[in-house]
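Residue-level structural notes
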Amino acid sequence: MILILPGAVYYKIQLYKLTYINTYFQKIDDDYISKNQKKIDIYKYDLAFDLYPEKKMFIAKAILTGKILDPTIPSIDLNFYDNFEIKRILLNGVSTDYENEETKLSIPVNSFSKNEFKIEVEYEGTPKKAGLEGFVFGKRNGTSLVYNLSEPNYASSWFPCNDIPFDKTFLEISITNDSGMVSVSNGVLVDVTTNGSRRTYRWKTEYPISTYLVAIYSSDYEYFSDEYISVDGIDTMNIEYYVLLDKTEKAKKDFSGHLEMLNVFSQMFGEYPFVKEKYGIAEFLWYAGAMEHQTITGVSSNMISGNKFFEDTFVHELAHQWWGNAVGPKSWKDIWLNEGFSTYSEALYYEALSGKKALQSTMMSKYSSNFSGSLAEPGPFLFTRTMYDKGAWVLHMLRWEVGDSSFFNILRTYYETYKYSNASTGDFKSVCEKVSGKNLDQFFEQWIYTEGQIELEYETETIKSTNEFLNRIQLGQIQEDYEAYHFPLEIKFVFKDSTEKRFRYEITSKDTLIEISTTTIPSGIELDPDNWLLAEINLKDE
Ligand SMILES: [Zn+2]
C-alpha cells in the first residue's frame, strides 16, 4: 500500500515528505481476533454481491468452507460487522443460531460432529466506513465506482471472514451490477452473464489469498491490456487495465512500464507468482494512494497523470505481488516484510534499468535521520515511514553485509520457500543465515529488533613518514540509544591525479582507530561513499 495526501497539485518532493504519515486511523485492535479463530481453517470463500450503487447497498451471500482444527472449541468465530441485516445463516445446510456483535460473528458447533463445515450467510445492507475506506459506493464525475480497501483488518466490514492474514483460501466472487458496468476482482474472469438490465461477472482465483487482499471494483470501466510472457516462455498472461474513459489515454502512458517491471522482477525474484491468472490495475477513488490487491492493484484516479509521475508507486504495488501477497505476513507485526521489501524493490527496479547511481538516488530519497520505533514492533500503527523506508534501508544494508550474490539468492530462496503461504521476521532471518552461511544475530538485533540508527563522528590526520603517508581515521559512534553497531564501513581515498582507493573495515566497537598507509598524500577521504549505511556521518568539530 502507498498513502499520499490530497492536494490540487502534487509535487514529488512534497510527496516524499507526506507519503507515509497518514497513519492515525490504521489502528490494530488487540481483541479483534478471538482465540477460537486460530483454531479453524477456511479453505474457500464463495462470495456473491448484488450491487445497488444508487441506494449505496448490496444484497450478498457468502459461503465459507473450512475445517475445525480443535474439536473442543464451542463455536466457530468469525469477523463480521454487525450493521447488516442477516437473512439467514446455514451451518452444513441447516439453519443455525448465531451471535453477531460489533465485529464478531459466532456460530455454536454443538449441532454437528464432523470437523468440516460449510457456512452460508445471506445478508444485505450498507457497509460502514471502516479503517481507511472499507467498502465504498463512490462516484466520479457522475459515474458510479464501487470499490474496497480492507487493509489491514476491515474485510469483515463487507463479508464474514476469518480475518487473519495467514488463513489463506481459494476464492470465487460474483459481482452483479447494472449491465453498463464492468465488475472486476481477483484471479481470472470465469464468465459474464446478463439478466435483463443486470450483468454478473464471475471471478475465481486458485492461488491462496488473504482476506485483506480480496477486492471488488465495479464501474463504467474502459479496458485495455498488455501481454506478458513468463521467463521460461511457457505462460502467456494478460496485464489488464480498467480505468474510466477520461483517464484512458493517460493510463496507457502511465501503465506502459508494467511489462518491463514484470520482466525485471520475475528474473530477479522468481516468476511472477500469479502467472496462470493475471496482473491488473483498476482505477479506484481512494484519494490517498494505491493498494496491492492480489492480481488487481487499485490505483487512485489522482495518480493517473499521463506523465508517469507515480511510476515508483506502480513499481511498489507490483512488487507487493511477491512481497505481501505471495509471501504473506504471518501477523501484522511482520508488516515491514511487506512494505520494506516493496519499497526496496523500487530501488532494485531503478537500479536494473539505470544502474548503481539510480539505486543510490532512490535510497537517498528514502533516507531519514530519525526513523522512530523498531521494525519488529510496529505497535498499533502499521503504515509508518519506519516500516517502508527504514525497512528498505535494512535490506540495503543486509545486501552490503552479505554481498550481492548472497543477497539476491536470499530473496529468491525466501520467495520460493514461502510463496503462497506466510512468513515472519524469524523465518526471513533463518533464510538469510542459511543462504549466506553467516550468523546474523547482531544484524537483526541492531536493525530490526531495536530502534535507532548509526551516528558517526570522525577526524582524520595524515602523517608523513620516510617514504609514505600514514592516514589515521578516528571514528566514534555517538548515537545515544545503541552502544555499538557492527557494520562494514567502506573508506575511499581520492588522490590528486584523481585515482582512488577503497578499503573495507568491519566496525564492531564504539571507538575505532583506523590506520592506512598510502604512497601519496590523499586529497580527500570519504566514509561510506556509496551510501550503503543508514548513518549520519560527520566530521568532528574542532
Ligand atoms: Zn506498500
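In this report, we go over the structure that sits alongside the text. Keep in mind that what you see is a predicted model, and the values were worked out from it rather than measured.

Scoring rules and cut-offs
- Residues numbered from 1 in each chain as written.
- Predicted model: local features only at pLDDT ≥ 70, side-chain atom pairs only at ≥ 80, totals over all residues.
- Heavy atoms only, no water.
- Helix = DSSP H or I, 4+ residues; strand = E, 2+ residues; numbered from the N terminus.
- Buried < 20%, exposed > 50% of the residue type's maximum accessible area, 1.4 Å probe, protein only.
- Polar contact = N/O pair within 3.5 Å; in protein donor to acceptor, adjacent residues only side chain to side chain.
- Contact = heavy atoms within 4.5 Å.
- Core = buried A, V, L, I, M, F, W, Y, C linked by side-chain atoms within 4.5 Å.
- Pairing = 2+ DSSP bridges.
- Salt bridge = Lys/Arg side-chain N within 4 Å of Asp/Glu carboxyl O.
- Axes fitted to C-alpha atoms, helices over the stretch in contact; angles between N-to-C directions.
- Parallel < 35°, antiparallel > 145°, perpendicular 65-115°, else oblique.
- Nonpolar A, V, L, I, M, F, W, Y, C, P; charged D, E, K, R; others polar.
- Patch = residues over 30% accessible without salt bridge, like charges linked within 9 Å, V, L, I, M, F, W, Y side chains within 5 Å.
- Areas by Shrake-Rupley, 256 points an atom, 1.4 Å probe, with all protein chains shown as cover.
- Lys, Arg positive; Asp, Glu negative; His and termini not counted.
- Charge placed at Lys NZ, Arg CZ, Asp CG, Glu CD.

**A short note on the side chain of His-396**
By the element assignment, His-396 lies in helix 7 (residues 385-402). Using a relative accessible area of 1% as the deciding quantity, one classes His-396 as buried. A distance of 2.8 Å separates polar atoms of two side chains, one belonging to His-396 and the other to Tyr-344. If we skip the residues at most four places from it in the chain, His-396 touches Tyr-344, Leu-359, Met-363, Asn-531 and Trp-532.

**A few points about the nonpolar core**
Counting 163 residues, the largest nonpolar core has Phe-49, Tyr-123 and Phe-428 as the members making the most contacts within it. At 10 residues, the largest contribution of residues to this core is made by helix 7.

**With respect to the pairing of strand 18 (residues 222-229)**
Direction of pairing for strand 18 relative to strand 19 (residues 236-243): antiparallel, over a ladder of 8 bridges. By the bridge assignment for strand 19, Asp-226 is matched with Ile-239. Linking two consecutive strands that pair antiparallel, namely strand 18 and strand 19, is a turn of 6 residues; a positive phi of about 80° is found at Gly-233 within it.

**Describing the pattern of salt bridges**
Inspection of the entire model under this criterion finds 38 salt bridges. Between Glu-122 and Lys-61 there is a salt bridge; the shortest N-O distance is 3.9 Å. Here Glu-122 is found in strand 9 (residues 116-125), whereas its partner Lys-61 is found in strand 3 (residues 57-68), with 61 residues between them in sequence. Between Arg-502 and Asp-530 there is a salt bridge, with the nearest N and O atoms lying 2.8 Å from each other.

**Some points on the sheet that holds strand 13 (residues 169-178)**
Spatially, 8 strands are ordered 6-5-9-3-2-13-16-15 in an open sheet, and the strand pairing comes out mixed. Either end of the sheet is taken by a strand with one partner, and the two such strands are strand 6 (94-95) and strand 15 (188-195).

**Quick notes on the sheet that holds strand 4 (residues 75-79)**
Taken together, 3 strands build an open sheet; the order of strands is 4-8-7 and the sheet is antiparallel. Looking at strand neighbours, the two that pair on one side only are strand 4 and strand 7 (99-101), the edges of this open sheet. Sheet twist, expressed as the average angle between the axes of neighbouring strands with direction ignored, equals 15°.

**Comments concerning the side chain of Thr-205**
For Thr-205, the location among the structural elements is in strand 16 (residues 198-209). Its relative accessible area of 2% is what places Thr-205 among the buried residues. In contact with Thr-205, not counting residues within four places along its chain, are Phe-170, Leu-171, Asn-186, Gly-187 and Glu-277.

**Description of the environment of Glu-500**
By secondary structure assignment, the location of Glu-500 is in strand 28 (residues 500-507). A relative accessible area of 41% means that Glu-500 is categorised as partly exposed. Glu-500 has contacts with Lys-492, Phe-493, Val-494 and Phe-495, leaving out every residue within four places of it along the chain. At 3.0 Å, the side chain of Glu-500 and the side chain of Arg-502 are in polar contact.

**Brief notes about the packing of helix 3 (residues 258-269) against helix 8 (residues 404-418)**
The relative placement of two packed helices comes down to the angle between their axes together with the axis-to-axis distance. Closest axis-to-axis distance for the helix 3/helix 8 pair is 8 Å, and the angle between their directions is 90°. It follows from the interaxial angle that helix 3 and helix 8 lie roughly perpendicular. Counting all contacts with helix 3, which are made through Gln-267, Met-268 and Phe-269, the residues of helix 8 involved are Phe-408, Leu-411, Arg-412 and Tyr-415. For the contact of helix 3 with helix 8, the per-class residue count stands at 5 nonpolar, 1 polar and 1 charged.

**Observations regarding the pairing of strand 17 (residues 216-219)**
The two faces of strand 17 match: Ile-216 and Ser-218 on one face and Tyr-217 and Ser-219 on the other face are all buried. Bridge count for strand 12 (residues 143-149) against strand 17 is 3 bridges, and the pairing is antiparallel. Paired with Tyr-147 across the bridge in strand 17 is Tyr-217.

**Looking at unusual backbone geometry**
As a rule of thumb, non-glycine residues mostly have phi less than zero, and peptide bonds are mostly trans rather than cis. Here Glu-151 and Pro-152 are connected by a cis peptide whose omega angle stands at 0°. Within the secondary structure, Pro-152 sits in the loop between strand 12 and strand 13. The backbone of Glu-102 shows a phi angle near 55°, a positive value even though the residue is not glycine. Note on Glu-102: relative accessible area 62%, which makes it exposed. Of note, the phi angle at Lys-308 is positive, near 55°, even though the residue is not glycine. Mapped onto the secondary structure, Lys-308 falls in the loop between strand 22 (297-300) and helix 4 (311-320). Of the residues examined, Lys-308 reaches a relative accessible area of 34% and is grouped as partly exposed.

**A few points about a negative patch on the surface**
Negative charge collects at one region of the surface, where Asp-30, Asp-31, Asp-82, Glu-99, Glu-101 and Glu-102 lie side by side. Among the secondary structure elements, Asp-30 is positioned in the loop between helix 1 (12-18) and strand 2 (40-52). Taking relative accessible area as the criterion, Asp-30 reaches 75% and is therefore assigned exposed.

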